[in-house]
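Take a look at the letters that make up each chain.
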There are 2 protein chains.
Amino acid sequence: MSLRPAQRWRAFRSHPERLFPILDWGRRYDLPTFSADLLAAVIVTIMLIPQSLAYALLAGMPAQTGLYASTLPLILYAVLGTSRTLAVGPVAVISLMTAAAVGEVVQSGAATHVEAAVILAFMSGLMLLAMGCVKLGFLSAFLSHPVIAGFITASGILIAGSQIKTILGIPGKGQTLPEIALSIWEGLPAIQPVTTGIGIGAIAYLYLSRTRLSGFLKARGIGGHLAQIITRISPVVAIAVTTLISWGFDLGAKGVPVVGAIPAGLPAPSWPLMDASVWTQLALPALMMSIVGYVETVSVAQTLAARRRERIDPDQEMIALGASNIGAAVAGGFPVTGGFARSVVNFDAGARTPAAGAFTALGMMLATLTLTGLLYHLPQATLAATIIIAVLSLVDLRALPRTWHYSPGDGASMLVTILATLLLGVETGIITGVVLSLALHLYRSSRPHVAVLGQVPGTEHFRNIDRHDVVTAPDVLSLRFDESLYFPNARFLEDTIYDRVAAEPRIRHVVLNCAAVNAIDSSALEALEAVNSQLSDAGVKLHLSEVKGPVMDHLRRSHLLENLTGKVFLTQVDAMRALSPDLTHQTCARARCETARDHRGRIG
Amino acid sequence: MSLRPAQRWRAFRSHPERLFPILDWGRRYDLPTFSADLLAAVIVTIMLIPQSLAYALLAGMPAQTGLYASTLPLILYAVLGTSRTLAVGPVAVISLMTAAAVGEVVQSGAATHVEAAVILAFMSGLMLLAMGCVKLGFLSAFLSHPVIAGFITASGILIAGSQIKTILGIPGKGQTLPEIALSIWEGLPAIQPVTTGIGIGAIAYLYLSRTRLSGFLKARGIGGHLAQIITRISPVVAIAVTTLISWGFDLGAKGVPVVGAIPAGLPAPSWPLMDASVWTQLALPALMMSIVGYVETVSVAQTLAARRRERIDPDQEMIALGASNIGAAVAGGFPVTGGFARSVVNFDAGARTPAAGAFTALGMMLATLTLTGLLYHLPQATLAATIIIAVLSLVDLRALPRTWHYSPGDGASMLVTILATLLLGVETGIITGVVLSLALHLYRSSRPHVAVLGQVPGTEHFRNIDRHDVVTAPDVLSLRFDESLYFPNARFLEDTIYDRVAAEPRIRHVVLNCAAVNAIDSSALEALEAVNSQLSDAGVKLHLSEVKGPVMDHLRRSHLLENLTGKVFLTQVDAMRALSPDLTHQTCARARCETARDHRGRIG
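For clarity, every value in this text was computed on a predicted model and none was experimentally measured.

What counts, and at which threshold
- Residues numbered from 1 in each chain as written.
- Chains lettered and ligands numbered in written order.
- Predicted model: local features only at pLDDT ≥ 70, side-chain atom pairs only at ≥ 80, totals over all residues.
- Heavy atoms only, no water.
- Helix = DSSP H or I, 4+ residues; strand = E, 2+ residues; numbered from the N terminus.
- Buried < 20%, exposed > 50% of the residue type's maximum accessible area, 1.4 Å probe, protein only.
- Areas by Shrake-Rupley, 256 points an atom, 1.4 Å probe, with all protein chains shown as cover.
- Lys, Arg positive; Asp, Glu negative; His and termini not counted.
- Charge placed at Lys NZ, Arg CZ, Asp CG, Glu CD.
- Least-squares fit on C-alpha atoms with pLDDT ≥ 70 in both.
- Contact = heavy atoms within 4.5 Å.
- Patch = residues over 30% accessible without salt bridge, like charges linked within 9 Å, V, L, I, M, F, W, Y side chains within 5 Å.
- Salt bridge = Lys/Arg side-chain N within 4 Å of Asp/Glu carboxyl O.
- Buried area = accessible area lost by both parts, 1.4 Å probe.
- Polar contact = N/O pair within 3.5 Å; in protein donor to acceptor, adjacent residues only side chain to side chain.
- Nonpolar A, V, L, I, M, F, W, Y, C, P; charged D, E, K, R; others polar.
- Axes fitted to C-alpha atoms, helices over the stretch in contact; angles between N-to-C directions.
- Parallel < 35°, antiparallel > 145°, perpendicular 65-115°, else oblique.
- Left-handed = near helix turned anticlockwise from the far one by under 90°.
- Phe/Tyr/Trp six-rings, centres within 6.5 Å; stacked < 30°, edge-to-face > 60°.
- Lys NZ or Arg CZ within 6 Å of the ring centre and 35° of its normal.
- Pairing = 2+ DSSP bridges.
- Right-handed = clockwise from strand over helix to strand, strands pointing away.
- UniProt positions renumbered as here; feature names shortened; annotations may be inferred.
- Domains from an automatic or database assignment.
- pLDDT = per-residue confidence, 0-100.

Draft legend 1. Expanded view of the overall build of chain A. Counting its secondary structure elements, chain A contains 27 helices and eight strands. Of all 604 residues assigned to chain A, the portion counted as buried reaches 57%. Roughly 23900 Å² of accessible area belongs to chain A as shown, and the carbon and sulfur atoms make up 64% of that amount. Distance between charge centroids for chain A: 7 Å, based on 45 positive and 40 negative side chains.

Here it is in structure tokens:
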């Protein structure tokens, strides 16, 4: 799980299929698998065409770049990915983040929309590739579940809000909820009735087909998976119908915003603009998109793999996603990631290997070559309707009270992330969430459970004096820390020991029971050295007991053991026998029990 | 330890001395204590005068502001602080951070040096006060020991480097080591021989008095504490002698930089400039200074308190330090914190209560009223020499190999913090260190120790199959996580379970042994819910065993227990009796031992 680069290289030499999983499944590829993959690819392609166009518009990009972003990335993922069924491509949240990041750069005039988006995809790809190679997948742990859930809910709301203006046919922009609301308010007098009609009609159709179509089909004997797939590709019908209407009445010429001319054919390979200032501006957004996209990808891939008892390799997924994003840049697209809905469709449609993704890419290329002329009349409102219906499933406000009920701290993290994202924008929102959840984590880590130990009379067992009838010696304080000793709790360790010793002047020995300590980092080591030295000045000796083997080996690399004023005891009972020989074979005398009660204090 | 504001208010009503510790010790104040405090105050005052002037210059401020910063803050700390011997005032590292933060604002032209420093002290004070009131002292846990040690070492180097130009009498500035080195290099032709002579003479005298004077005095029968105190106040001799020389030869008029005219008398209370853009620019530096200053204060206070078995209250220290900084702002000074050297002198000189600090403040006011005229001729090179000698003790490069040897990860954190601080400046340095140490912490937290459990034949004990001869059932996987389940390891939990289940097709039951789990946060709860649902799709049931009472109570607030496909068992043996009745009363059959070996895999 933690190969160094050199080890990794040796591992690759002996098992090249770890870096190129295609070498593994490709070897066993046969006709039935091919048929299954091809069928799934056809279905995913039909679903992906409207999504790609829609998310390009959401990202502020020309519509065709959405198609481009659904070609090369899918092929690269097929070669490098470890998930059998993950479908990568443009997704809503990443497109919104692209719009936000690119918007700032374009405002400063340093690059065009397309240039900035290509750089963003390229940087994000490089970052993921680099992080995957040195196995930094754990960085996704920076995003706690409440933060990512809150962020996605807020993003869904922002996305839906941003599409309302397209539905109404009014201009407007804005990257926070107040800005979006204001721009809609200001645009209200300019509503275009025809556009609005098409948009609302499309929303109604899409909503009904999503909520009712599946049940309707089932009632007519069409089974679960097939019904779901038909439901998923129903947006194509909306696209076809509204395009026909728009073409029939020549709505584009009458002021209804349509997709317009799309250059036909495949894009020439692009190369990102080398402008240091633009790269610097986009570095932080690229990092955040990388991590958010990676978290989503791994979640989806893991969910689907587990259902079939398949395995994925999270670090390899990082590499595959990185390559896909570089592919997106080369194809002139924008950042991509694994999409939940389309991966589920791919899975349900029976895809067996990543080849299905490669076939989807071929399908998208075919679409790029043939369909672009047909899409001229497609009303933008139809795409906006597609987006609104798609992101409704992202918004899960019920998670907030549920999380709050389970853990108010986590609920607060989620709420703050939602509010910060809605009111301050996606970048500030996610950074706020991350900082808050880290602070919460440190807060919890900084106060581990600590027990003052006493001896269960007549036994060799030692237990928390607050929960058991135990005896203690007045001059010995035995403390058990129920957590590894590391920097978040190093000061708490010092505080606790000093407080206890200051509170009870009879104490001459402190025994730190390390039974629950799996590691001691440098900060905790310094704390222990300080405690040892300060207690010595105060005439108190520090002892350790029940130190685990690996921890002891580690401590031998420091000077703590040499300088320790007390001893290291194998067991707590050894410590008590040495420090308080009278106590250890007695039963609970009244005086001693009172002493135990004296020790009970602020420590819970 | 975790009072809410309302509780805190009630606690204050019944125990006002918790918020105003002066009410506690003031009640028992008597003549012997007064004499002891007064003597300590005289000694600290003599030590503090040159330090205050020197650190004002280091902070880029007029010399008198150093004296101002040593008045009101000390009085406020005396009223609010819980340490009996901590001496607050200007210190080297915080002065360097002030110079860096103020420099940026002054360059932008938004405020003068003094205005910006006053705002900085005021903001830092407000932040500390607010954090102290809501008990955010744990935020200091963000700074691991390697990071703070590396930062202080690098700051010491930067400070010493920045003073070389003053010793040489050349102009120059710069906030990173390359900038400082370049500015000295460029200034070399303009070296002033007299200034350099005074500077080097002062350095030699101060160095010798620091390293040899104490031994010299001891050899003449002057005891430990007294010898140390004489050593500490010896800079005053350097100041007096060089001032006399400078006055005698009128060096100021001959181009040797001297302190010059200092307005005599106490400052009028100042009020920080209300300029939102300056406040915004200074917010992050103020936050960092608050936390660095707080960490230093608490470390010093705790060290000294522990020696006398006294107690300090870390949250109350935050309030006291906050009030001191607001005091520094009102007095027209710059940010202050608890200084190590002067606190030790105060302690060694016999200070018994914070009143010593208040008396020191009176001494400093007297100095402000009387000495300023005398200091006109004081060469700046003498102050620079004082600073260089003072910060030498901050530079501890030997800590680097020691820490590296103990823990390469912690050593790397320290090295990167040192390099980033030296090469990129104090703010970037400390942020880099914090981010790196958090990442390292998350990395370690993200992969807790996991054991696959088997039954010790003939007993009810279950142990790690990698370390003991145990038996397992082929269709039951028992996993024990040796860590609480929370967001840094939530994904690892999922990965681990899915990997094990995918690797062994016979598994029908997964038992998660929670004996070492002290808490389950929302992220881990979501992970468990996902595991439960995905395993169910794969035909595997999820069970829990040995869940601790408080964790169980917590889980009851979620839907996990209702939806759990398996059961919750009180003990591991109950689980095995229910899931694999044949196994639990048998001894190790060969076939079963082999199964145990099969389960041994990537989990260490």
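Having seen the model, we can carry on.
Draft legend 2. Layout of the relation of the copies chain B and chain A. Superposing chain B onto chain A requires a rotation of 180 degrees together with a translation of 0.0 Å along the rotation axis, leaving an RMSD of 0.1 Å. Each copy turns onto its partner about a two-fold axis. A shared interface surface links the copies, since 99% of the contact residues of chain B are contact residues in chain A too.

Draft legend 3. Region of the structure containing the side chain of S580 of chain A. Mapped onto the elements, S580 of chain A comes out in the loop between helix 26 (572-579) and helix 27 (590-599). Aside from chain neighbours lying at most four places away, what touches S580 of chain A is A473 and V476 of chain A.

Draft legend 4. Quick look at a nonpolar patch on the surface. Residue and element names in this part refer to chain A. Taken together, L31, F34, L38, V42 and I46 make up a surface patch of nonpolar side chains, about 410 Å² in accessible area. Examined against the element boundaries, V42 turns out to sit in helix 4 (residues 31-58). Classification of V42 by relative accessible area gives partly exposed; the value is 44%.

Draft legend 5. How the structure looks around the interface of chain B and chain A. Every contact between the two is made by 75 residues of chain B and, on the other side, 74 residues of chain A. Between chain B and chain A lies a buried interface of about 6600 Å² when both sides are counted; carbon and sulfur atoms form 55% of it. Summed over the shared surface of chain B and chain A, the result is six salt bridges. For D537 of chain B, the salt bridge identified is with R307 of chain A, shortest N-O distance 3.3 Å. On inspection of chain B and its partner chain A, the count reaches 22 residue pairs in polar contact (both at pLDDT 80 or more). Of all the secondary structure elements, the ones that give two or more residues to the side of chain B that touches chain A are helix 9 (145-168), helix 14 (276-307), helix 19 (399-406), helix 20 (408-424), helix 21 (426-446), helix 22 (487-503), helix 23 (522-537) and helix 24 (549-555) of chain B. With eleven residues, the single largest contributor to the side of chain B that touches chain A is helix 22 of chain B. Residues belonging to the side of chain B that touches chain A are distributed by class as follows: 33 nonpolar, 21 polar and 21 charged.

Draft legend 6. Layout of the packing of helix 14 (residues 276-307) of chain A against helix 22 of chain B. Running from amino to carboxyl end, helix 14 of chain A crosses helix 22 of chain B at an angle of 30 degrees, the nearest separation of the two axes being 11 Å. Relative to helix 22 of chain B, helix 14 of chain A is oriented roughly parallel. Considering the relative orientation of helix 14 of chain A and helix 22 of chain B, their crossing is left-handed. Each of V295, V298, S299, Q302 and A306 of chain A in helix 14 of chain A lies in contact with helix 22 of chain B, whose residues at this interface are R491, E494, D495 and Y498 of chain B. When its residues are assigned to classes, the contact of helix 14 of chain A with helix 22 of chain B shows four nonpolar, two polar and three charged.

Draft legend 7. Region of the structure containing the packing of aromatic side chains. Overall, the coordinates contain twelve aromatic pairs over all chains when judged by the stated rule. With 5.4 Å between their ring centres and 80 degrees between their planes, F34 of chain A and F359 of chain A make a pair best called edge-to-face. A residue pair is termed long-range when its members are at least 10 positions apart, and F34 of chain A in helix 4 and F359 of chain A in helix 17 (residues 355-370) qualify at 325 residues. Here F359 of chain A falls in the buried class, since its relative accessible area comes to 18%. With 4.6 Å between their ring centres and 65 degrees between their planes, Y443 of chain A and F138 of chain B make a pair best called edge-to-face. One end of the pair, Y443 of chain A, is in helix 21 (residues 426-446); the other, F138 of chain B, is in the loop between helix 8 (113-133) and helix 9, on a second chain. Ring-pair connections join several aromatic residues into one group, and the members of that group are F122, W271 and W279 of chain A. In this structure, R220 of chain B packs its charged tip against the face of F216 of chain B, placed 3.9 Å from the ring centre.

Draft legend 8. Spatial organisation of the sheet that holds strand 8 (residues 568-569) of chain B. All names here are of chain B. With respect to topology, six strands assemble into an open sheet ordered 4-3-5-6-7-8, the strand pairing being mixed. With partners counted over all chains shown, the strands left at the sheet margins are strand 4 (462-464) and strand 8, one partner each. Here strand 3 (residues 450-455) pairs with strand 4 via three bridges, running antiparallel. Paired with L453 across the bridge in strand 4 is N464. Lying over the sheet, helix 23 contacts strand 6 (509-513) and strand 7 (541-545), oriented at roughly 140 degrees with respect to strand 7. The strands touched by helix 26 (residues 572-579) are strand 3, strand 4, strand 5 (476-481), strand 6, strand 7 and strand 8; relative to strand 6, the strand with the most contacts, the crossing angle is about 170 degrees.

Draft legend 9. Quick peek at the pairing of strand 5 (residues 476-481) of chain A. Residues and elements named next belong to chain A. With five of its six residues buried, strand 5 lies for the most part within the structure. Two elements, strand 3 (residues 450-455) and strand 5, share three bridges in a ladder whose sense is antiparallel. For A451, the partnering residue across the bridge sits in strand 5 and is R480. Where strand 5 lies against strand 6 (residues 509-513), five bridges are found, and the strand directions are parallel. From the neighbouring strand, L479 faces strand 6, where its bridge partner is L512. Considered for its hand, the β-α-β crossover made up of strand 5, helix 22 (residues 487-503) and strand 6 is right-handed.

Draft legend 10. Broad picture of the UniProt feature "domain: STAS" (unreviewed entry) in chain A. Those residues carrying the UniProt feature "domain: STAS" (unreviewed entry) are residues 466-579 of chain A in this numbering. For residues 466-579 of chain A, the end-to-end C-alpha separation is 22 Å, with 46% helix and 16% strand making up the annotated structure.

Draft legend 11. Molecular detail of the pattern of salt bridges. The full count for this structure, using the stated rule, is 22 salt bridges over all chains. The partner of R311 of chain A in a salt bridge is D499 of chain B, and the shortest N-O contact between them spans 3.8 Å. Of this pair, R311 of chain A sits in the loop between helix 14 and helix 15 (314-330) while D499 of chain B sits in helix 22, which puts the two residues in different chains. In this structure, R402 of chain B and E526 of chain A form a salt bridge, with 3.9 Å as the shortest nitrogen-oxygen distance.

Draft legend 12. Spatial organisation of the domain arrangement of chain A. For chain A, the assigned domains read domain 1 (30-264 + 275-373 + 382-439) and domain 2 (450-599). A separation of 55 Å is found between the C-alpha centroids of domain 1 of chain A and domain 2 of chain A.

Draft legend 13. A look at helix 12 (residues 224-232) of chain A. Taken residue by residue, helix 12 of chain A has A227, I229 and T231 of chain A as its buried positions. Buried residues belonging to helix 12 of chain A abut helix 4, helix 11 (193-219), helix 13 (235-248) and helix 16 (340-348) of chain A.

Draft legend 14. Layout of the sheet that holds strand 8 (residues 568-569) of chain A. Residue and element names in this part refer to chain A. A sheet is described by the order of its strands in space; here six strands give the open sequence 4-3-5-6-7-8, paired in mixed fashion. Of all the strands in the sheet, just strand 4 (462-464) and strand 8 have a single pairing partner and so form its edges. Here five bridges tie strand 6 to strand 7 (residues 541-545), and the two strands are oriented parallel to one another. Counted as the bridge partner of L512 is L544 from strand 7. Packing against the sheet, helix 22 makes contact with strand 3, strand 5 and strand 6, and its axis sits at approximately 155 degrees to strand 5. With respect to the sheet, helix 26 is in contact with strand 3, strand 4, strand 5, strand 6, strand 7 and strand 8, its orientation differing from that of strand 6 by roughly 170 degrees.

Draft legend 15. Focus on the environment of A385 of chain B. All names here are of chain B. Checked against the element boundaries, A385 lands in helix 18 (residues 380-392). Classification of A385 as buried rests on a relative accessible area of 0%. Each C-alpha atom, one on A385 and one on L206, is 7.8 Å from the other, the two residues being 179 residues apart in sequence. Here A385 is in contact with I167, G199, A202, I203 and L206, once residues within four sequence places are set aside.

Draft legend 16. Here's a closer look at the confidence of the model for chain A. Residue and element names in this part refer to chain A. The predicted model of chain A averages 86 in pLDDT, with 94% of residues at 70 or higher. Long-range and interchain partners of residues 587-604, a stretch whose pLDDT sits below 50, account for 46 contacts in this model, where long-range means more than four residues apart. The ipTM assigned to the predicted complex is 0.78, against a pTM of 0.78.

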